[in-house]
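Coordinate analysis (summary)
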Amino acid sequence: MGGMPILKLYNTLTREKADFRPIDPQNVRMYVCGPTVYDYAHIGNARPIIVFDVLFRLLRHVYGADHVTYARNITDVDDKINARALRDYPGLPLNEAIRHVTEKTETQFLEDATVLGCLDPTVQPRATENIAGMIEIIEKLIAKGHAYEAEGEVLFDTRSMDDYGQLSKRNLDEQQAGARVAVEAHKKNPGDFVLWKLSAEHEPGWDSPWGRGRPGWHIECSAMSGRYLGDVFDIHGGGIDLIFPHHENEIAQSRCAHGTEVMANVWMHNGFLQVEGRKMSKSEGNFITIYELLHTEKFGGRKWPGEVLRLAMLMTHYREPIDFSVKRLEEAEHLLSKWPVYGDAAGEADPAVVTALADDLNTVAAIQALHALAQKASADSRHLGTFAASAALLGVVPKEVELDEAVVHEIDGRVRERLELLKAKNYAEADGIRADLLARGIQLKDGKDPETGERVTTWEVKRSQV
C-alpha cells in the first residue's frame, strides 16, 4: 500500500467523514443491499449498483483484488414473489417454484449490471438459500430477550435495545408519540417489527420452530451478511431510502443476536434519484427500467449505451441527489466522445484520479482529472496506458462509435463527391466536405491505387480531439 492515499469515507452512523481502517487489510468486507427480483430493476436501483462498484474497484486497487470480499444480496423472498410461485408452480417445493418465478428478472438484472460496467460481486447470496440462518438469528434473539411471539408473529422488541435508532437518529419516544393511534394490539411497542410471520394454509411458507411461515424483510440481510462477512464487517452500503427502517433494523437484529457494538463499522448511502426533476413513480409516468434505457426508445426517443448511463450517474457525487435527465445523458455521451478508445493499453492509474476517489468517492473530481488525462492521451499515445488504468477505476470504457447503414451510405456518397471535386480542382469545396465530416468524427485518409495511381479515399470513425 506504499504511496497509496488513505481512503476517507463518509459514515452515516457517525455523520462524519473519516479515515477508513479495515478490520483486516487482508480481507476487506463490504455488503450492499441488492434488488428484489420481482420485476426488472429500475434506474433508481442502478445508482447503488454503480456507486458501490466504483468503491469495490477502489478497494481492490488499494488492498489487492484478492483481499476484498463484496457481497450483494438478491432478495427473492417477497410476499408477491411467494404468491406468484404458489399460483404458477403449485406442485414444486417453494424454493424451486420461487427460482422459476425470479429466474428471468434475476438474469436480466445481472445482464443489466454487466452492461452498466459493473464487476461481479464476490458472492451474490439469495434470501431463499439462507432461511436456516434467519431462523437461527431469531432463536438467539428470543433466547436473549430481544424478541417475542404474538398472534402468529415473532417480533423484535425495540425497547430491549438501549440505543435503538443510532443510524437514523430517531428517538423511540418520538416514534411512539408520532405513531398511528391504532397500533397493532399484539405489539409491545409501536416500533416493534416482524422477524417471522406465520403463513395461512393457502400461503407459501417454510417450516420453523414457530410454525410454517416466512421471514420479515430485515432479517434476510442480517443472515446473509453474517454468513459471508462475519458478525462485524467493514462497510455496509445502500440507498438513502434504506436507512430507516431497513438498515436500522438490520443493526438491531445483528447486534442483539451477536452481542456486538456495531454490525458494520462504516455505513454508506447514496442520494435519491429523480427523473427529469420529478420523483420517479408509475403514477407519474416516468418509471423507467435499466432494460428500457438500454434496449428501447422510451427515454429521449433513443437507446442509451451502458457506459453513457454509468458516466451520467458518476457525474454527481454519490451522496447528492441526482436528476436523471436526457440532458444529463447527452452531456455524458458528449464527454465520452472526446475520450480516446484505448483497446488493450495497460498502465498505472493516475494519482490525481486515485486521490479524488479516495476522498469519499469524489467521482466528480475524478472525472475532471480523467478528462485532463484524455487530452494528454489524445495528443500523445504514450499516456494511453495511464488513461486506461484510470478509466478502469471508474469502470468507464469508451467504445468505438457504431454507425447504421444509412449513415455509412451517406458518408460514402460525400467521399465520392469530394473525389469528383478534387478531380475538378475545386479544392475549397473538397476541403469543406473533409472539414464537415471531421466535425462529425469522420477522419478521411487519402492514398493512391497501386495499379492505376489514382487517388483513393478511405474513412474511419475517429473520436474528436478534446
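What you see is a predicted model; the values in this text were computed from it and never measured.

Attention shifts here to the sheet that holds strand S7 (residues 193–198). Sheet architecture is open: four strands sit in the order S5-S6-S7-S8, paired in antiparallel fashion. Each edge of the sheet is formed by a strand with only one pairing partner; in this case those strands are strand S5 (147–150) and strand S8 (213–215). Sheet twist, expressed as the mean angle between neighbouring strand axes with direction ignored, is 25°. Across four bridges, the pairing between S5 and strand S6 (residues 153–156) is antiparallel. Counterpart to Glu-149 in the pairing with S6 is Val-154. With respect to the sheet, helix H7 (residues 243–258) is in contact with S6 and S7, its orientation differing from that of S7 by roughly 80°.

In total, this model carries 27 salt bridges according to the counting rule given. For Asp-19, the salt bridge goes to Lys-8, with nearest N and O atoms at 2.6 Å. Of the two residues, Asp-19 sits in strand S2 (residues 16–19) while Lys-8 sits in strand S1 (residues 8–11), which places them eleven residues apart along the sequence. A relative accessible area of 35% places Asp-19 in the partly exposed class. Judged by its relative accessible area of 35%, Lys-8 is partly exposed. As a salt-bridge pair, Arg-278 and Glu-284 come within 2.5 Å of each other at their nearest N and O atoms. Under the relative-accessibility criterion, Arg-278 is labelled partly exposed at 37%.

This part takes up unusual backbone geometry. Looking along the chain, the bond that leaves Phe-244 and enters Pro-245 is cis, with omega of 5°. By secondary structure assignment, the location of Pro-245 is in helix H7. With a phi angle near 60°, Arg-15 is a residue other than glycine that sits in the positive phi range. Within the secondary structure, Arg-15 sits in the loop between S1 and S2.

Across the chain, the average pLDDT comes to 91, with 94% of residues at or above 70. In this model, residues 177–182 is a region of pLDDT below 50 whose contacts with residues beyond four sequence positions or in other chains number one contact.

So, about the environment of Lys-169. Looking at the element boundaries, Lys-169 is found in the loop between S6 and helix H5 (172–177). Of the residues examined, Lys-169 reaches a relative accessible area of 47% and is grouped as partly exposed. It is 10.0 Å that separates the C-alpha atoms of Lys-169 and Thr-14, two residues lying 155 residues apart in sequence. A distance of 2.8 Å separates a polar side-chain atom of Lys-169 from the backbone oxygen of Leu-13.

Attention now moves to the nonpolar core. Among the nonpolar cores identified, the biggest contains 79 residues, and Ile-43, Leu-59 and Trp-339 are the most heavily contacted of them. Per element, the largest residue contribution to this core is 13 residues, and it comes from helix H1 (residues 43–63). One finds Leu-13, Val-101, Cys-256 and Ala-264 within the second-largest nonpolar core, a separate group that totals 46 residues.

Moving on: the packing of aromatic side chains. Evaluation of the coordinates by the stated rule reveals eight aromatic pairs. Note on Trp-339 and Phe-387: the rings are 5.9 Å apart at their centroids and 80° apart in plane angle, and the pair reads as edge-to-face. Here Phe-387 lies in helix H13 (residues 384–394) and Trp-339 lies in the loop between helix H10 (326–337) and helix H11 (351–358), a separation of 48 residues in the sequence. Both residues of the pair, Trp-339 and Phe-387, belong to the buried class. The aromatic ring of Phe-56 is capped on one face by Arg-60, whose charged end is 5.2 Å from the ring centroid. A cation sits over an aromatic face here: Lys-282 above Phe-287, 4.9 Å from the ring centre.

Cut-offs and rules
- Residues numbered from 1 in each chain as written.
- Predicted model: local features only at pLDDT ≥ 70, side-chain atom pairs only at ≥ 80, totals over all residues.
- Heavy atoms only, no water.
- Pairing = 2+ DSSP bridges.
- Helix = DSSP H or I, 4+ residues; strand = E, 2+ residues; numbered from the N terminus.
- Axes fitted to C-alpha atoms, helices over the stretch in contact; angles between N-to-C directions.
- Contact = heavy atoms within 4.5 Å.
- Salt bridge = Lys/Arg side-chain N within 4 Å of Asp/Glu carboxyl O.
- Buried < 20%, exposed > 50% of the residue type's maximum accessible area, 1.4 Å probe, protein only.
- pLDDT = per-residue confidence, 0-100.
- Polar contact = N/O pair within 3.5 Å; in protein donor to acceptor, adjacent residues only side chain to side chain.
- Core = buried A, V, L, I, M, F, W, Y, C linked by side-chain atoms within 4.5 Å.
- Phe/Tyr/Trp six-rings, centres within 6.5 Å; stacked < 30°, edge-to-face > 60°.
- Lys NZ or Arg CZ within 6 Å of the ring centre and 35° of its normal.

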